[in-house]
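Analysis of the macromolecular model
Spelled out from the first residue to the last, the chains are:
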Amino acid sequence: DLELTEEVAVEELFKNTSNDEDLGKKRNIIGYFLSQGLTNIRLATEVYQRARTVRCAKKGDFTKEEDEAILQFVEKEGEQWTRLAIMLGRANYQSVSARYDMLINDYKHGEFTAMEDELILREVFAVDSDILVDGKITQDDWNKIAEKLQRKPEYVRKRWRQQLEPILQRYQAGTLHKDVKDVMINHLLEHNMNYAQEVDWKELAKLSKFAGTTSTYLSRMYSTLRHNTGLKYPELSEVQLNTEAIQRFRANREIHSTRHTVVEHQELIVKFYLSHILEVSSENKF
């Protein structure tokens, strides 16, 4: 029926959780149509799921009603995360799975303290003294470290990958206090990279202009800049929130110095690393 309203079409094609074969074919047709003209070849199902996420997915914190729905669904249907995510209208099944894990475990929440950061540093370097070079640490290691902190393993791993490791890597490279945001955005535009999925973050981190950074650090920086651009310009669509928009946001922003608390935290991490990790390591060699 070509007379369908947009709301009815969205309800039928994006919000309907049925596994009906005909509906599946319609989804594949939509995915195939939307994939035409993309720079990289994508599966029709992948494009469809991305379109559903952009058009319909809920964002932000889970509500009390969603928490109850998650617990009830898993109790009755088991851990069918993709189906549950579609039912809730959430962007991906990982976020729903992670939420369930949070609901059934008594994890510690909130900001990481200085003592927790120090414990992470001690434990990580105890596992692998060359962690900054080879990055060898297993999920089992993260589980053990997280247990000592009473934190969710994934959050402890992210704390290391997104905060602590970048500080130490940049310190060693002599770029700790160098702001590479504009350098990164200008580089991406020069190479026609307007969306995160077009960037090979591992290769980007290898460039001399980004010495001391990691792929995780750079990709997270891009996501943060994109998020802030969206807050500044809420009228922009998901498609319009690209690298060009971020550059305009950066050009029109008010210049602020790095927050004192950020600099102070970086200095504390470096000081602890020098006095409790490097010194102990050197002593153990003799």
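Located above this text is the structure these notes cover.
Residues numbered from 1 in each chain as written. Predicted model: local features only at pLDDT ≥ 70, side-chain atom pairs only at ≥ 80, totals over all residues. Heavy atoms only, no water.

Topic: helix 14 (residues 243-252)
Test applied: Relative accessible area decides the class of each residue, using a 1.4 Å probe on protein chains only: under 20% of the type maximum gives buried, over 50% gives exposed, and in between gives partly exposed. For helices the rule is a DSSP run of H or I covering at least 4 residues; for strands it is a run of E covering at least 2, with both sets numbered from the N terminus onward. It is the directions from the helix axis to the C-beta atoms whose arc is reported. Polar contacts, as used here, are pairs of N or O atoms within 3.5 Å; protein pairs need one atom able to donate a hydrogen and one able to accept it. Residues neighboring in sequence count only if both atoms are side-chain atoms.
Buried within helix 14 we find T243, A245, I246, F249 and R250. Taken end-on, helix 14 shows its buried residues confined to a sector of 155°, consistent with a single buried face. Exposed side of helix 14, more than 90 degrees from the buried face: A251 and N252 are the residues found there. At the N-terminal boundary of helix 14, the capping side chain belongs to N242, with an oxygen 3.2 Å from the backbone nitrogen of E244.

Quick look at a nonpolar patch on the surface
Rules: Patches here are clusters of residues that have more than 30% relative accessible area and form no salt bridge, with a 9 Å joining cutoff for like charges and a 5 Å cutoff for nonpolar side chains (Val, Leu, Ile, Met, Phe, Trp, Tyr). Exposure was quantified through the Shrake-Rupley algorithm and a 1.4 Å probe, taking into account, for residues, occlusion by the shown protein chains and nothing else. Think of a salt bridge as a Lys or Arg side-chain nitrogen and an Asp or Glu carboxyl oxygen that are within 4 Å of each other.
Among the surface-exposed residues, L71, L103 and I104 lie close enough to one another that they form a single nonpolar patch of about 220 Å² accessible area. Relative to the helices and strands, L103 is located in helix 6 (residues 93-104). For L103, a relative accessible area of 30% gives the class partly exposed.

Notes on the side chain of K152
Basically, it comes down to this: The contact criterion used throughout is that any non-hydrogen atoms of two residues lie within 4.5 Å.
Locating K152 in the fold gives a position in the loop between helix 9 (139-149) and helix 10 (153-173). Polar contacts involving the side chain of K152 include one to the side chain of D101, which spans 2.4 Å. Among residues more than four places away in sequence, those in contact with K152 are A98, D101, M102, Y107 and A146.

Some points on the nonpolar core
Quick reminder of the rule: For our purposes a nonpolar core is just a set of buried Ala, Val, Leu, Ile, Met, Phe, Trp, Tyr and Cys residues, chained together by side-chain atoms within 4.5 Å.
Counting 23 residues, the largest nonpolar core has I120, L121, V124, F125, V156, W160 and L168 as the members making the most contacts within it. Contributions of two or more residues to this core are made by helix 7 (114-127), helix 8 (131-134), helix 9, helix 10 and helix 15 (260-284). In contact with L121, other than residues within four places in its own chain, are W160, L164, L168, I269, F272 and I277. If you look at the next biggest cluster of nonpolar residues, it comprises 16 residues, including L188, M193, L204 and L218.

Some points on unusual backbone geometry
A positive phi angle, close to 60°, is found at Q150, a residue other than glycine. By the secondary structure assignment, Q150 is in the loop between helix 9 and helix 10. Owing to a relative accessible area of 57%, Q150 belongs among the exposed residues under this scheme. In this structure, N192 takes a positive phi of about 55° despite not being glycine. Tracing the backbone through its elements, the reader meets N192 in the loop between helix 11 (181-190) and helix 12 (201-205).

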